[in-house]
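Examining the three-dimensional arrangement
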Amino acid sequence: MSSSSAAQPTALYGGKGDRRVTVRDIAAAKLRHEKWPMLTAYDALTARVFDEAGIPVLLVGDSAAMVVYGYDSTIPVTVDDLVPLAAAVVRGTKRAMVVADLPFGSYQAGVSQALDSAARFMKESGVQAVKVEGGRRILPQVEALVAAGIPVMGHLGLTPQSVNVLGGYRVQGRGQAGEELLADAKALEAAGAFSVVLECVPEDLAARVTDSLSIPTIGIGAGDHTDAQVLVWQDMAGLTPRTAKFVKKYADLQTVLGDAARAYAEEVVGGRFPAPEHAYR
């Protein structure tokens with residue numbers, strides 16, 4: 001193999017490439033102080049758009065409970081619900097690393113349950129990693145998954161699966177709770193996690209965690225000092241009517257789709273669609 005054929009793109013974001021982004025690429029980006037984007041995805045067509053746009057990591061989030069299945073929280077969604085979505089995202093992509101959330105109730109019971117759930121995602125959908133919520137309380141699961149060869153992304157701060165314990169969707173990690181979160185992050189790194197999401201935490205705490213870890217941090221409502229950022233794609237693209245403070249809308253798909261649906265309906269009602277060019281002869 002020649003040196004040119006063996007060379008890999010330097011930048012994590014924007015490359016095309018003929019191989020998947022790996023945990024080694026993620027680690028190398030941290031060393032280069034390179035920031036990178038992550039988005040959620042739940043179907044093949046959207047995943048292909050993001051993959052071709054150069055998004056290096058796609059998350060099949062348990063947020064599908066709300067944006068796909070119409071629930072009020074992430075709690076009801078199951079492994080059976082998410083595995084087909086993850087498989088579709090994998091089939092729709094060529095380069096992006098695809099990470100799947102282990103949903104509520106699929107790993108909290110212990111190591112055996114976590115391994116069974118993660119194995120289903122790896123075998124049935126082909127994802128390259130899984131994500132779990134929690135810190136020191138789930139270290140045995142994280143260690144077991146990593147030992148089994150399953151890359152693990154952690155998630156701290158506002159952990160939606162624990163929303164009932166947290167008392168709602170609110171900022172986490174203020175005061176002494178920040179020290180606990182930092183300890184959790186260091187414990188996840190020691191257990192073998194390759195990255196950690198920080199959701200809805202003060203930006204100064206996110207900066208401390210980022211500086212304290214050798215693995216990348218991924219912020220969502222955590223300020224601009226994390227190594228990467230993630231958003232739910234429907235929030236980012238303006239498809240959801242209400243979003244959190246930390247979301248920036250980069251498009252207005254709700255209006256675009258609504259206008260398209262109304263234009264289509266009016267042409268059907270008015271007899272202008274289908275036109276002659278849409279008919280077979």
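Fair warning: this is a prediction, and the values are worked out from it, not measured in the lab.

Taken from the UniProt record, the annotation "active site" (unreviewed entry) applies to Glu199. Turning to its location among the elements, glutamate 199 is positioned in strand E6 (residues 195-199). Residue class for glutamate 199 comes out buried when judged on its relative accessible area of 11%. Not counting chain neighbours up to four residues away, the residues in contact with glutamate 199 comprise His155, Leu156, Gly157, Leu158, Pro160 and Ile220. A polar contact is formed between the side chain of glutamate 199 and the side chain of histidine 155, at a distance of 2.9 Å.

This brings us to the layout of surface pockets. Roughly 720 Å³ of volume is contained in the largest pocket. Forming the boundary of the largest pocket are 32 residues, of which Met66, Glu199, Val232, Asp235 and Phe246 lie nearest the centre. When residues of the lining of the largest pocket are traced back to their parent elements, those giving at least two are helix H4 (64-67), E6 and strand E8 (228-231). Residues that form the lining of the largest pocket fall into these classes: 16 nonpolar, seven polar and nine charged.

Running from N to C, helix H9 (residues 176-191) and helix H10 (residues 203-212) point in directions that differ by 30 degrees, and their axes come no closer than 10 Å. As summarised for this structure, H9 and H10 are arranged roughly parallel, according to the angle between their axes. In this structure, the crossing between H9 and H10 has a hand that is right-handed. Contacts between H9 and H10 pair Gly178, Glu179, Leu181, Leu182, Ala185, Lys186 and Glu189 from the former with Leu205, Arg208, Val209 and Ser212 from the latter. Of the residues belonging to the contact of H9 with H10, the class tally is five nonpolar, two polar and four charged.

Our focus in this paragraph is the nonpolar core. Ranked by internal contacts, the top residues of the largest apolar core, which has 76 residues, are Trp36, Met38, Leu58, Phe121 and Leu198. Leaving out residues up to four positions away in the same chain, tryptophan 36 has contacts with Leu12, Ile26, Ala29, Pro56, Val57, Pro216, Ile218, Asp227, Ala228 and Gln229.

We now examine the pattern of salt bridges. Scanning the model with the defined rule gives ten salt bridges in all. Between aspartate 80 and arginine 120 there is a salt bridge, with its nearest N and O atoms 2.7 Å apart. Here aspartate 80 is found in helix H5 (residues 79-91), whereas its partner arginine 120 is found in helix H6 (residues 111-125), with 40 residues between them in sequence. Residue classification places arginine 120 among the partly exposed residues on the basis of a relative accessible area of 29%. We note a salt bridge from glutamate 124 to arginine 120, for which the minimum N-O separation is 2.9 Å. Of the two residues, glutamate 124 and arginine 120 both sit in helix H6, four residues apart, roughly one turn of that helix.

Rules used throughout
Residues numbered from 1 in each chain as written. Predicted model: local features only at pLDDT ≥ 70, side-chain atom pairs only at ≥ 80, totals over all residues. Heavy atoms only, no water. UniProt positions renumbered as here; feature names shortened; annotations may be inferred. Helix = DSSP H or I, 4+ residues; strand = E, 2+ residues; numbered from the N terminus. Buried < 20%, exposed > 50% of the residue type's maximum accessible area, 1.4 Å probe, protein only. Contact = heavy atoms within 4.5 Å. Polar contact = N/O pair within 3.5 Å; in protein donor to acceptor, adjacent residues only side chain to side chain. 1 Å grid on protein atoms, 1.4 Å probe; cavity = no way out; pocket = protein on both sides within 12 Å on 5 of 7 lines; lining within 4 Å. Points joined across faces, edges and corners; volume = space filled by probe spheres on them. Nonpolar A, V, L, I, M, F, W, Y, C, P; charged D, E, K, R; others polar. Axes fitted to C-alpha atoms, helices over the stretch in contact; angles between N-to-C directions. Parallel < 35°, antiparallel > 145°, perpendicular 65-115°, else oblique. Left-handed = near helix turned anticlockwise from the far one by under 90°. Core = buried A, V, L, I, M, F, W, Y, C linked by side-chain atoms within 4.5 Å. Salt bridge = Lys/Arg side-chain N within 4 Å of Asp/Glu carboxyl O.

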